[in-house]
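Commentary on secondary and tertiary structure
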Amino acid sequence: MPLPLFQPTPLGRAREPFSHPEWLYEVKRDGFRALAYVDKGECRLISRNGNEFKSFPALAESLPAELSARSAILDGEIVALDRSGKTQFKDLLFRRVEPRFYAFDLLWCDGKDLWYLPLIERKLRLRSIVPHHGERLLYCDHVEQDGEGLC
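This structure is a prediction, so every number in the text was calculated from the model and none was measured.

**Considering the overall build of the protein chain**
Scanning the protein chain from terminus to terminus reveals 3 helices and 8 strands. For 151 residues, the compact-globule estimate of 2.2 N^0.38 gives 15 Å, and the C-alpha radius of gyration of the protein chain, at 15 Å, lies within 12% of that figure. Structurally, the protein chain occupies a C-alpha span of about 40 × 35 × 30 Å along its principal axes. Residues classed as buried in the protein chain amount to 43% of the 151 residues present. A fraction of 68% describes how many contacts in the protein chain between residues 6 or more apart in sequence connect residues 24 or more apart. Only carbon and sulfur atoms are counted for the fraction: they give 50% of the accessible area of the protein chain, which is about 9,300 Å².

Right, here's the structure in full:
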């Protein structure tokens, strides 16, 4: 069965930091938003406009081997990191370093549509299939309730 098609989940933004008991907060990484469609040992990286990122073949080849699932659709960001772990968009744009994929949501996994589960449940499942110290596949951690604490 082919993987279903998804649109990247819209990100919430606010003018100023705030805290809320029902919210999750993540650091925004500066890169290219992408969905990673992993199935049968292959990966396709798709932009939010539905175009395939063909300029990152090594990244697409590495993701299935690092993921602990047979098939999955990950929502995330293709990034370039400097030595301190900060994203550097120009390095990504000009292909100065090997890109990585920061996964922040799991929309589909091993035949199960997860879209209707609460985000915290999807992130828990995502955490279980992304390596803790991945080479190219990274988990985007979050903070619950305390958005102001990220500043």
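**Describing helix α3 (residues 119-129)**
For α3, the set of buried residues is R122, K123, L126 and I129. All buried residues of α3 fall inside an arc of 125° around its axis, so they share one side. Exposed positions of α3 whose direction lies more than 90 degrees from the buried face are L124 and S128. On its buried face, α3 is in contact with β1 (24-25), α1 (57-66), β4 (71-79), β5 (100-109) and β7 (137-139).

**Digging into α1**
Looking only at α1, the buried set comprises L59, A60, S62, L63, P64 and E66. If you follow the buried residues of α1, they end up packed against β2 (32-39), β3 (42-47), β4, β5, α3 and β7.

**Quick look at the side chain of R122**
Inspection of the secondary structure puts R122 in helix α3. Judged by relative accessible area, which is 6%, R122 ranks as buried. Discounting residues that sit within four places of it in the chain, R122 has contacts with D105, L106, L107, L114, W115 and L117.

**Quick look at unusual backbone geometry**
At K40, a position not held by glycine, the phi torsion is positive, near 55°. Mapped onto the secondary structure, K40 falls in the loop between β2 and β3. The phi dihedral of R95 is positive, around 55°, even though this residue is not glycine. Here R95 lies in the loop between α2 (89-93) and β5. By relative accessible area, which is 40% here, R95 ends up partly exposed.

**Topic: the nonpolar core**
Counting residues in hydrophobic clusters, the biggest one holds 28 residues, and the most contacted among them are L45, L67, L74, I78, F101 and I129. Those residues within four positions of L45 in sequence are excluded, and the remaining contacts are L35, A36, N51, E52, F53, F56, L59, A60, L63, I78 and F101. If you look at the next biggest cluster of nonpolar residues, it comprises 8 residues, including L3, F6, L107 and W108.

**Details of the pattern of salt bridges**
Applying the stated criterion across every chain, the model contains 7 salt bridges. Note that R122 and D105 form a salt bridge whose closest N and O atoms lie 2.8 Å from each other. One end of the pair, R122, is in helix α3; the other, D105, is in strand β5, with 17 residues separating them in the sequence. Each of the two residues, R122 as well as D105, counts as buried. With its nearest N and O atoms 3.0 Å apart, the salt bridge here joins E121 to R125. With E121 and R125 both in helix α3, this residue pair falls 4 residues apart, about one helical turn. Judged by its relative accessible area of 29%, E121 falls in the partly exposed class.

Thresholds, definitions, all that
Residues numbered from 1 in each chain as written. Predicted model: local features only at pLDDT ≥ 70, side-chain atom pairs only at ≥ 80, totals over all residues. Heavy atoms only, no water. Helix = DSSP H or I, 4+ residues; strand = E, 2+ residues; numbered from the N terminus. Rg over C-alpha atoms; globule rule 2.2 N^0.38 Å. Buried < 20%, exposed > 50% of the residue type's maximum accessible area, 1.4 Å probe, protein only. Contact = heavy atoms within 4.5 Å. Areas by Shrake-Rupley, 256 points an atom, 1.4 Å probe, with all protein chains shown as cover. Arc of directions from axis to C-beta. Core = buried A, V, L, I, M, F, W, Y, C linked by side-chain atoms within 4.5 Å. Salt bridge = Lys/Arg side-chain N within 4 Å of Asp/Glu carboxyl O.

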